Amino acid sequence: MREVPKDAEAKSHALALRAGLLFMASAGIYSYLPLGFAVLKKIEEIIRKHMNKAGACELFMSALQPIDIWQKTGRDKILEEVMIRFRDRRGRELCLGPTHEEMITEIVKKNVFSYRQLPLILYQIQTKFRDEPRPRFGLLRTCEFIMKDAYSFDATQEGLNVNYQKMLGAYQDIFKECGLNFIMTEADSGAMGGSLSHEFLVPAEIGEDMLYFCTKCNAYYKKEGKCPKCGTALLTKSMIEIGHIFQLGVKYSLAQGALFLDQEGKRQPAIMGCYGIGVSRLLPAIIETNSDDKGIIWPRGVSPFDATMVVVGDALLQEALALAHTLEKSGLTILVDERIESAGVKFNDALLLGSPYTIVIGKNYTASGKIEVEARKTREKVTLSPEELINFFNNERERNA
RNA sequence: CGGGGCGUGGCUCAGCCCGGCUAGAGCGCUUGGUUUGGGACCAAGACGUCACAGGUUCAAAUCCUGUCGCCCCGACCA
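Quick caveat, the model's predicted, so the values are computed rather than measured.

Examining the overall build of chain A
Piece 1. Helix and strand content of chain A: 12 helices and 23 strands.
Piece 2. Dimensions of chain A along its principal axes, counting C-alpha atoms only, are 80 × 60 × 45 Å.
Piece 3. Partitioning the intrachain contacts of chain A with sequence separation of at least 6 by distance along the chain shows that 68% fall at a separation of at least 24.

Some remarks on the sheet that holds strand S6 (residues 93–96)
The strands that make up a sheet are held in pairs by hydrogen bonds between backbone atoms, and each pair lies either parallel or antiparallel.
Piece 1. The antiparallel open sheet is built from three strands, whose spatial order is S4-S6-S5. Each edge of the open sheet carries a strand with a single partner, namely strand S4 (64–66) and strand S5 (84–87). Going from strand to strand, the sheet's axes swing by 35° on average, the running direction of each strand aside.
Piece 2. Examined bridge by bridge, S5 and S6 share four bridges and lie antiparallel to one another. Note on S6: the bridge partner recorded for phenylalanine 86 is leucine 94.

Thoughts on the pairing of strand S20 (residues 334–337)
Piece 1. Taking every second residue as pointing to the same face, both faces of S20 are buried, with Ile334 and Val336 on one and Leu335 and Asp337 on the other.
Piece 2. In this sheet, S20 lies alongside strand S19 (residues 307–311) in parallel orientation, the contact comprising four bridges. Across the sheet, residue methionine 309 finds its bridge partner in S20, namely valine 336.
Piece 3. As a crossover connection, the stretch from S19 through helix H9 (residues 317–329) into S20 is right-handed.

Examining the sheet that holds strand S22 (residues 371–375)
Piece 1. Within the open sheet, the five strands sit side by side as S20-S19-S21-S22-S23. Their pairing is mixed. Strands at the two margins of the open sheet, each flanked by one partner only, are S20 and strand S23 (381–384). The mean angle between the axes of side-by-side strands here comes to 25°, regardless of whether they run parallel or antiparallel.
Piece 2. Here four bridges tie S22 to S23, and the two strands are oriented antiparallel to one another. The partner of isoleucine 371 across the bridge, within S23, is leucine 384.
Piece 3. Against the sheet, H9 engages S19, S20 and strand S21 (357–361), with an angle of about 175° to S20.
Piece 4. Each of S19, S20 and S21 is contacted by helix H10 (residues 343–353), which is oriented at about 175° to S19, the strand it contacts most.

Notes on unusual backbone geometry
Trans peptide bonds make up most of the peptide bonds, and negative phi angles are found at most residues other than glycine.
Piece 1. In the segment running from leucine 118 into proline 119, the intervening peptide bond is cis, with an omega of 0°.
Piece 2. With respect to the helices and strands, proline 119 occurs in the loop between helix H5 (101–111) and strand S7 (120–129).
Piece 3. You will see that phenylalanine 137, though not glycine, has its phi angle at about 55°, which is positive.
Piece 4. Along the chain, phenylalanine 137 falls in the loop between S7 and strand S8 (144–154).
Piece 5. According to the C-beta neighbour criterion, phenylalanine 137 is buried, with 22 such atoms within 10 Å.

Thoughts on the nonpolar core
Piece 1. In terms of nonpolar packing, the biggest core is built from 96 residues, with Ala150, Val202, Ile240, Ile242, Met309, Ile334 and Ile361 touching the most fellow members.
Piece 2. With seven residues, the top contributor of residues to this core is helix H6 (residues 157–177).
Piece 3. Lining this core are residues from two domains, each supplying at least three of them: domain 1 (11–292) and domain 2 (305–400).
Piece 4. Excluding residues that lie within four positions of it along the chain, isoleucine 334 makes contacts with Phe305, Asp306, Ala307, Met309, Ala324, Leu327 and Glu328.

Some details on the packing of helix H2 (residues 34–53) against helix H8 (residues 279–289)
Piece 1. Their axes nearest at 10 Å, the elements H2 and H8 cross at an angle of 115°. In terms of orientation, H2 lies roughly perpendicular with respect to H8. Between H2 and H8 lies a crossing whose hand is right-handed. Touching Val39, Leu40, Ile43, Glu44 and Ile47 of H2 are Val279, Ser280, Leu282 and Leu283, all from H8.

Focus on H10
Piece 1. For H10, every residue scored as buried is listed here: Lys346, Ala350, Leu351 and Leu353.
Piece 2. Packing partners of the buried residues in H10 comprise strand S18 (295–296), S19, S20 and S21.
Piece 3. Positive phi appears at glycine 354, one or two residues downstream of H10, with a value of about 80°.

Section: the packing of helix H1 (residues 11–18) against H8
Piece 1. Between H1 and H8, the least distance of the axes is 8 Å, while the angle of their chain directions is 100°. Classed by the angle they form, the pair H1 and H8 counts as roughly perpendicular. From H1, Lys11, Ser12, His13, Leu15 and Ala16 reach across to H8, where they touch Leu283, Pro284, Ile287 and Glu288.
Piece 2. Along the lines of polarity and charge, the residues of the contact of H1 with H8 split into five nonpolar, two polar and two charged.

Details of the confidence of the model for chain A
Piece 1. The share of residues in chain A with pLDDT of 70 or more is 98%, and the mean pLDDT across the chain is 95.
Piece 2. In the predicted complex, the global pTM is 0.96; the interface-specific ipTM is 0.95.

Quick notes on H6
Piece 1. For H6, built from 21 residues, the straight-helix expectation of 30 Å at 1.5 Å per residue is met to within 8% by its first-to-last C-alpha distance of 30 Å.
Piece 2. Those residues of H6 not exposed but buried are Leu160, Asn163, Tyr164, Lys166, Met167, Ala170, Tyr171, Ile174 and Phe175. End-on view of H6: buried residues confined to an arc of 160°, all on one side of the axis. Pointing more than 90 degrees away from the buried face of H6 are the exposed residues Glu158 and Gln165.
Piece 3. Looking at the buried positions of H6, the neighbouring elements they touch are H2, S7, S8, strand S10 (197–203), strand S13 (235–249) and strand S16 (271–277).

What counts, and where the lines are drawn
- Residues numbered from 1 in each chain as written.
- Chains lettered and ligands numbered in written order.
- Predicted model: local features only at pLDDT ≥ 70, side-chain atom pairs only at ≥ 80, totals over all residues.
- Helix = DSSP H or I, 4+ residues; strand = E, 2+ residues; numbered from the N terminus.
- Contact = placed C-beta atoms within 7 Å.
- Pairing = 2+ DSSP bridges.
- Axes fitted to C-alpha atoms, helices over the stretch in contact; angles between N-to-C directions.
- Buried ≥ 20, exposed ≤ 12 C-beta atoms within 10 Å, placed from the backbone.
- Right-handed = clockwise from strand over helix to strand, strands pointing away.
- Core = buried A, V, L, I, M, F, W, Y, C linked by C-beta atoms within 7 Å.
- Domains from an automatic or database assignment.
- Parallel < 35°, antiparallel > 145°, perpendicular 65-115°, else oblique.
- Left-handed = near helix turned anticlockwise from the far one by under 90°.
- Nonpolar A, V, L, I, M, F, W, Y, C, P; charged D, E, K, R; others polar.
- pLDDT = per-residue confidence, 0-100.
- Expected span 1.5 Å × (residues − 1).
- Arc of directions from axis to C-beta.

Take a look at the structure:
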């Protein structure tokens, strides 16, 4: 799209619609179009890689949940307003899960009986449903969204501390690889219950949370007032919450009877932690902080393409496709713009879509067999032969590995 | 849920205050032609229940009432 849809006020929302990432079905309800879904899958890959590395095991829980497991913890009442509830044809009371603590606790209750089976970290990447009072800013707050939720189960508090630190470390790696300049703070645990909690936040205009920033010390604080280190007055900064981790303790395991036998043969409630990432929310967070007036600038880790190939004039199309094929054989993913469009349209769309590089096959190629490569972020250009082009991307990959 | 704004081809908008002939523009789309290195040009075309319902009137995109939808601020936010 050339023009910004008038309902998209947030930068990330406007760019996501213009670049064809999303389709809005209703307020707070979005479908992912192929390009948006491709980015989402890259983000999920990164998350899986680091979660698995930290020893977590992936599973997939049902979005449909019977209401009675929620009655055990009393959260059917606490979350009443956000929970999307209904009866099926048999009159069974169901909800679409706004989160999965109760469900995972049921699963562990039925499958874990001994301290020998602990510790355990389980996670899923799955759709959550919340009847939000006010969806906003595109994917930032929606009624249906994708979350990575992980749950740890331990026999001891020391064990929980270890798992908590593992998850905290994995989160840092994940957000870094997604190109997010995040900060971490100790947080309130709110309706989750439990004690220790950390929040991961990204500074951005559309953020719904607020932190206080000292420009001198380059540090963020939760409390208003003067900088505790240097006494300078603090600035308010709005922040997007991208992740939140909690030490839950025994709140759920006790309420639902998720007990195991310890070494002395005594029944003990599992000690739990839970760890959430707003996967679909990472899209607006990334775009808000990685874009310019021309469009999106995907960080390398999440870009579905290594480069967008702009072919100027249809005479060069066959040669361009052959070159793209060669590049793909060397492990690159290339988006070839083979549309019959003027050069300007293609250049601008390449900028909008935000691949890290634009490969230009045009008059330089006709004249001297040279290909131009432009970096999306810096807009710097280099002119290369086809062989040099492959080396260029290989070096690029090594530099970022 | 409280406050504010908006709803007219796919997108952005004009027209509405002050009712009147066949509802317009730019972009996009289709066809033909000329173009091709940073959002080209010429020509011909297609696409509209003016959000919906009711009312006022000889006559409603325009006035009145209600409903729905979307956006923003606030409240809320595992």
